[in-house]
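So the chains spell out like this:
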Amino acid sequence: MATVDISPQLPLFDLRLAPQDLEAVAETLRSGWLTLGPRTAELERAFAEHLGARHAIALSSCTAALHLAYLAAGVGPGDEVIVPAFTFVATAAAALYCGATPVFAEISSRARPSIDPADVERRITPRTKAVCAVHYAGYAAPVDRLRELCDAHGIALIEDVAHAPSATLAGRKLGTWGLAGAFSFFSNKVLSVGEGGLLCTDSDEVAELSRSRRSHAMTSGTWDRHVGRTDTYDVVGLGYNYRLDEPRAALLLSRLQRLEAEIARRRELTVRYRELLAHVDGIIVPFDDDEVESSSCYVIAIMLEQDGRQSEVSSRLRERGIQTSIFYPAIHRFSAYRERFPDISLPVTELASRTELTLPFYPHMTHEDQDRVVTALAEAIAP
Amino acid sequence: MSEWRVPLTDIAMPEQDVRAVLDCLESGWLTMGPRTQAFELALAGYVGTPHAVTVSSGTAALHLALLAAGIGAGDEVIVPSFTFVASAATARYLGAEPVLCDVRSPLDFNIDPDDVARRITPRTRAVVAVHFCGYAADVADLRALCDEHELVLIEDCAQAIGARIDDAGRHVGTVGDLGAFSFFSKKQLCVGEGGMVTSADEQRAARVRLLRSHALTSSTWDRHLGHDPAYDVIDVGFNYRLDEPRAALGLSRLQRLDDDITARRAIARAYRERLATVPGIELPFSDEAVERSSHFAFPVLLADRATRDRFRAELKDSGIQTTWYPALHSFTEYRQLTPPDGLPQATEVADRHCALPLSSTMDEAAVETVVEVVRTVLA
């Protein structure tokens, strides 16, 4: 075991930027124009085109995108937003920002940890304003069925696409199935810049509201004034500072050029991971092999069949220099949410949260590293 | 893009700043890591405050400062009307009510402590002292007033990093219970979008730190360093994090901040010398206040609104970019918050002022160009 102890650590994710990415940022910095300028406009155009959406609005984070998406759906005090609990806390927190109540729905199963449309339907009330579907790990949630369900009830479908840029369902990009899609460019994401997000929509009204609210509901921006387009401004609502700045827009634009190539590499590695993991006893590998092709392959999530071993297996892997994470602790079990929403029981979600482990994964991962992770996992699980 | 002969602002971006960002990008670690820690440590040292917590914007800083001060639904927060909208909007995020107050006068257009005192009610919980355009508000008086009425004093330092509140050289952001700063692209210390909260109170700083990242009990960085992957969420937090490239840029630029402020002050002095004798122009603030200011903007006063608007239009025609700051109670969204007295001083300064070009990269020749145009326009 001594050789294992001295091997380099395999991190959960490892970001490598290309020289042209750095050059794009350097050029922007040297231009001296750092906020809401031509690069943000170009990013929004390119991203909308990439998605096949009418509008893309660059934002400071996916949390900001979710907040604006809920606001655009008309979510306000006293309303309800149905969200999965098997997701990052922002999906629910953004509903609280609007003064609304997040209503947690179950996932379908540990093998399919996406929000369950049948459970969503059971939780719809007259106060439901929106449903948020999370495309967990980059795999499509059943937004086709959810879209029908939401349309039938006259409520908005919002997509949390934090994990799933460029992923598709039935050939249609995720994020374009509902009223609005919320993307993340956080540092460990498929398309990362540090902190960043984006909202896409086909609705002119949603786009207008999002653009206005991201910059304090001012009727003109610094750039407009710089180019002499307007002289002053009015404030016509309660807005926020949810702007992305130009260096990050430039970095995203540069990275967007290679997104498909990087995802292709992620898919190859995911296929190989899944083949290796198929031989490990005692785990569930979520989603089907044939879904990899339409996924963005954000992370490699596995579920330990046996409950109660997550911490132990994670520790054993850490001892072998392999970092793991939990995607995700169930939101309704967090202290802040138990205080506000006691007595919520979501057995499938809770079991998934207690048994999930996320394994190291990044586009330049080697086959040897994958082998090492899977071997170590098998050993860590073995009694 | 219009080509201004003299633009309102300009940013110097020396290669060492660019290099600092590129080094960070090459490291592959982009959020909440060693550069953010180093930037925060350096900022705390610069401002002279025990705790500095970086956030995503000045707006985020105000929001979290108010939250950490315990402001909530039904509370009243007194805010001067002559400020950027974030000073008031952030109270509304918490369900609190901004109560607009007046500034002292067009010649001293910061928050008026006497007017604040008149607007205190049993529901008042906080006062937001805005150090507008880089000129320090009278935080000594406000501190005494807030202590007397057990109110929280928040300093809105979004335009005033490096400004001094007294001859002892104490920085803005060190007298209030919390200070909120901005690193927006036009600011003295700019990184694009960014901000910071300062506080001498360890618990309040810890709360800001917690709430800027969704009230998670551990960060991605902690987990990267090998800490347990499990975490709890112990409050309703936000994503108000600054990322590492911006921290790297800020840290690099902070080394030159005092030099930049000195350069801005030299421009302000040069303007004042030349404009002192120009009929039709009044210069706000005393020479002493100019020495303590960190000079975000260089405002001058014209006779009235119509004259100001004409003045700006003629400067624009001559390639000189200017701006002005509307008072909050003139906005559609805030009109209904106008008190019966109509906030006469804020109204007047908003109507009469115009900010002339000012940046650390300007030289005396540019000042001369602007002043020549001003003289011609007012002749």
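Note that the structure is predicted; figures quoted are calculated from it, not measured. (Residues numbered from 1 in each chain as written. Chains lettered and ligands numbered in written order. Predicted model: local features only at pLDDT ≥ 70, side-chain atom pairs only at ≥ 80, totals over all residues.)

Before we go on, may I ask you to explain the overall build of chain A in this structure?
Counting its regular elements, chain A contains 15 helices and 12 strands. Computed over its C-alpha atoms, the radius of gyration of chain A comes to 21 Å, within 12% of the 21 Å expected for a compact globule of 383 residues. Structurally, chain A occupies a C-alpha span of about 70 × 55 × 40 Å along its principal axes. Expressed as a percentage of contacts within chain A between residues at least 6 apart in sequence, the contacts between residues at least 24 apart total 70%. (Helix = DSSP H or I, 4+ residues; strand = E, 2+ residues; numbered from the N terminus. Rg over C-alpha atoms; globule rule 2.2 N^0.38 Å. Contact = placed C-beta atoms within 7 Å.)

Where do I start with the confidence of the model for chain B in this structure?
Do not read the fine detail of predicted coordinates wherever pLDDT is low. The pLDDT averaged across chain B works out to 96; a share of 97% of its residues lies at or above 70. Scoring the predicted complex yields pTM 0.96 and, for the interface, ipTM 0.96. (pLDDT = per-residue confidence, 0-100.)

Whenever I open this one, the interface of chain B and chain A confuses me. Can you help?
Note: interface size is frequently given as the accessible area lost on complex formation between the parts. Residue-level contacts link 55 residues of chain B with 56 residues of chain A. Residue assignment for the side of chain B that touches chain A shows that the elements contributing at least two residues are helix 1 (15-27), helix 3 (58-68), helix 4 (86-93), helix 8 (220-224) and helix 9 (244-254) of chain B. With six residues, helix 1 of chain B is the single largest residue contributor to the side of chain B that touches chain A. Classifying every residue of the side of chain B that touches chain A by side-chain character gives 27 nonpolar, 15 polar and 13 charged. (Nonpolar A, V, L, I, M, F, W, Y, C, P; charged D, E, K, R; others polar.)

Sorry, what's going on with the pairing of strand 8 (residues 178-182) of chain B here?
Every other side chain in a regular strand lies on the same face of the sheet, so the side chains alternate between the two faces. Residue and element names in this part refer to chain B. Most of strand 8 is tucked away, with five of its five residues classed as buried. Here strand 8 shows two buried faces, one formed by Leu178, Ala180 and Ser182 and the other by Gly179 and Phe181. Where strand 8 meets strand 9 (residues 195-199), four bridges bridge the pair, whose relative direction is antiparallel. Looking at strand 9, one finds that Gly179 is bridged to Thr198. (Buried ≥ 20, exposed ≤ 12 C-beta atoms within 10 Å, placed from the backbone. Pairing = 2+ DSSP bridges.)

What's the story with the environment of Val79 of chain B in this structure? I'm lost.
For Val79 of chain B, the position within the fold is in strand 2 (residues 76-80). When sequence neighbours within four positions are dropped, the list of residues in contact with Val79 of chain B reads Ser87, Ala88, Ala91, Pro98, Val99, Leu100, Cys101 and Val128 of chain B.

I would appreciate a short explanation of the domain arrangement of chain B in the present structure.
All names here are of chain B. Partitioning chain B into domains gives domain 1 (15-254) and domain 2 (257-378). Put simply, the middle of domain 1 and the middle of domain 2, counted by C-alpha atoms, are 25 Å apart. For the side of domain 1 that touches domain 2, the secondary structure elements donating two or more residues are strand 3 (97-101), strand 4 (103-105), strand 5 (108-111) and helix 9. No other element matches strand 4, which puts three residues into the side of domain 1 that touches domain 2. Its residues placed into classes, the side of domain 1 that touches domain 2 shows 18 nonpolar, seven polar and six charged. (Domains from an automatic or database assignment.)

Is there a simple way to think about unusual backbone geometry in this case?
For the peptide bond that leads from Phe327 of chain A to Tyr328 of chain A, omega is 5 degrees, which places it in the cis range. With respect to the helices and strands, Tyr328 of chain A occurs in the loop between helix 12 (310-319) and helix 13 (335-340). One non-glycine residue, Met32 of chain B, lies in the positive phi region at around 45 degrees. When you line up the elements, Met32 of chain B lands in the loop between helix 1 and helix 2 (34-47). The backbone phi angle of Ala215 of chain B is positive, close to 55 degrees, even though this residue is not glycine. Residue placement: Ala215 of chain B occurs in the loop between helix 7 (202-211) and helix 8.

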